[in-house]
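# Observations on the model geometry
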Amino acid sequence: MKRFFILMVLAAALAFILKSCPRSVPILPSPEKLLVPATPVPVPEPAPTPPPPPYVPNKRLETGKIFNGMQYKVFLETEVGTSATADRNDPSSYAAELRVKVKVPKPHKDLTQIVSLNAQLPTLLPGLPALLDSAKISPFYDDLYRLKVANLQASLNRLDNLLTRHNFFDTETVLELQDPLTKRRTLFIQSDMDVDEDGSDSDRVPEVDGSSVTFQPFTSYKWSKKSELPNSFTTPREVRIKQYEQELALATPGRSRELKETLNRLRSEVSDLRKYSYLVASTDPYIVLPGSMFGKNKGPFAPSVGDYCVVIFGGTLYPAIVGDVGPAYKSGEGSTRICQQLNARSNSNNRAVSDLKVSYLIFPGSADKPFDAPDLLKWHDRCAQLLAEIGGYTGDLFTWADLIKPKLPPPPPAPPAPTPPVPAAPIPAAPATPVPVPPAATPLPVP
């Protein structure tokens, strides 16, 4: 009993001690509480994915060049439309806006700028510096570039017809020069040189290559035929005339009007080909000037067909004439004969000189009338005389060989020099046969 009482006292003391000390061990839930399932937390439903916006890319800038050398910039813009059916029927839903920007160059008459294109000019033409002191910029230059811009304006609806970059910037300057002593007027043009392949003359050149797409059997310089040899370009036109006359009988009014205009042109061409001879680009040295420079109302410096001219390239002067009239907005063109002399690779696809390094000296009012077949030696001497009237020239004034004049047959070979006869070997003489000597006659007795 006493022992039981002591144990109770110790248990009470221990309980008091444990109650009075702070607890460092966490109180775990009872097993009953651990078996009770937790209340589930509600998960919100995901919001539906919104549909993607219409494809509208940012503005884009592209640059490039078209076939004629013009640089272009394209801004691509898109916007939200309505429906494919509605937008297809709306012209403005698929369109392009075009702005053509062109710099129009200014002419000059400064010797330094001219010499930068051909440093030999002051040496070849000693009188050029003095001529430039009183030179005037020709109004032909302003007319030329006004026509170029007008041509661009007229071709804006057909980009494939726009003037090429090369042909727009084809003229550096056009100057009016006049010698103070001789009063000789000269039109100075600094340009490039493209190839002209036109012209035909059955009297001098029965067969002419007319395969170029720009070929015409005519030139503005012409003279009366001197033989009955037919021009090879007459027959194809006569065949077309017969075909169009047959078509005209069954043609509609609109087509009929077009056929009549074509027939009138072809009949006129056939008549001219039977009556006239023309310069031939492959054999005759001539240049082509813009049609905007010709006309009696153009002033004293206006050129005329047949006027003498001198083409200067590098260190050589080439005599020629103004042989044809070209488009009013294009300058810098010479016959195949001149072009191949300047550049052996010149043809319908390769221009002779691309840079503006060709000088043209045209002498207004110098043409010989009436026109006649080219006389290249006469052209040479006449150009030398005209150059002397503007201060003279140094260097080489080229002499053209006449490719049409029949070549003289080569002289017969000289007969070979006679071969001296070979002396015959001496024939040994045969031994002489001894001639028997008759015995001396017995002298007769003298009576």
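Residues numbered from 1 in each chain as written. Predicted model: local features only at pLDDT ≥ 70, side-chain atom pairs only at ≥ 80, totals over all residues. Heavy atoms only, no water.

## Here's the deal with helix H7 (residues 139–154)
Rules: Labels follow the DSSP assignment, with helices taken as runs of H or I lasting at least four residues and strands as runs of E lasting at least two, numbered in each case from the N terminus. Working rule for helices: expected span equals 1.5 Å times residues minus one. The classification of residues rests on relative accessible area computed with a 1.4 Å probe and restricted to protein chains. Under 20% of the type maximum is buried, over 50% is exposed, and intermediate values are partly exposed. As used here, the arc is the angular range of directions from the helix axis to the C-beta atoms. Contacts are residue-level and defined by heavy atoms, with any inter-residue pair within 4.5 Å sufficient. Here a polar contact means two N or O atoms within 3.5 Å. Within protein one must be a hydrogen donor candidate and the other an acceptor candidate, and residues neighboring in sequence count only if both atoms are side-chain atoms.
Across its 16 residues, H7 extends 23 Å between first and last C-alpha, which sits within 8% of the 22 Å expected from 1.5 Å per residue. Considered for burial, the residues of H7 that qualify are Phe140, Tyr141, Leu144, Tyr145, Lys148, Asn151 and Leu152. Projected down its long axis, H7 shows its buried positions confined to an angular sector of 130°, all on one face. Structural note: H7 exposes Arg146, Gln153 and Ala154 on the side pointing more than 90 degrees away from its buried face. The inward-facing, buried residues of H7 abut helix H8 (165–168), strand S4 (171–178), strand S5 (185–196) and strand S8 (286–290). At the N-terminal boundary of H7, the capping side chain belongs to Ser138, with an oxygen 3.1 Å from the backbone nitrogen of Phe140.

## Some details on unusual backbone geometry
Following Lys369, the chain continues to Pro370 via a peptide bond in cis, the omega torsion being -10°. If you check the backbone angles, Lys183 has positive phi at about 65° while not being a glycine. Counting through the fold element by element, Lys183 comes out in the loop between S4 and S5. Judged by its relative accessible area of 52%, Lys183 falls in the exposed class.

## Regarding the nonpolar core
What counts, and what does not: Only buried residues count toward a nonpolar core. Its members are Ala, Val, Leu, Ile, Met, Phe, Trp, Tyr and Cys residues joined through side-chain atoms within 4.5 Å.
Of all hydrophobic cores here, the largest spans 67 residues; its most connected members are Met193, Ile287, Leu361, Ile362 and Leu387. Ranked by residue count, the leading element in this core is helix H12 (residues 376–388), at 6 residues. Discounting chain neighbours no more than four positions away, the residues touching Met193 are Val311, Gly332, Glu333, Gly334, Ile338, Cys339, Leu342, Arg351, Ala352, Val353, Val358 and Tyr360. Val205, Val208, Phe233 and Leu273 belong to the second largest nonpolar core, which has 8 residues in total.

## Section: H12
In this model H12 runs 19 Å from its N-terminal to its C-terminal C-alpha over 13 residues, within 8% of the 18 Å that 1.5 Å per residue would give. Among all positions in H12, only Leu376, Trp379, His380, Cys383, Ala384, Leu386 and Leu387 are buried. The arc that holds every buried residue of H12, seen down its axis, measures 165°, which confines them to one face. Relative to its buried face, H12 has exposed residues pointing more than 90 degrees away, namely Leu377, Asp381 and Ala388. If you follow the buried residues of H12, they end up packed against strand S9 (308–313), strand S10 (316–326), helix H11 (336–342), strand S12 (353–362) and strand S13 (396–397).

These figures come from the coordinates and say nothing about function on their own.
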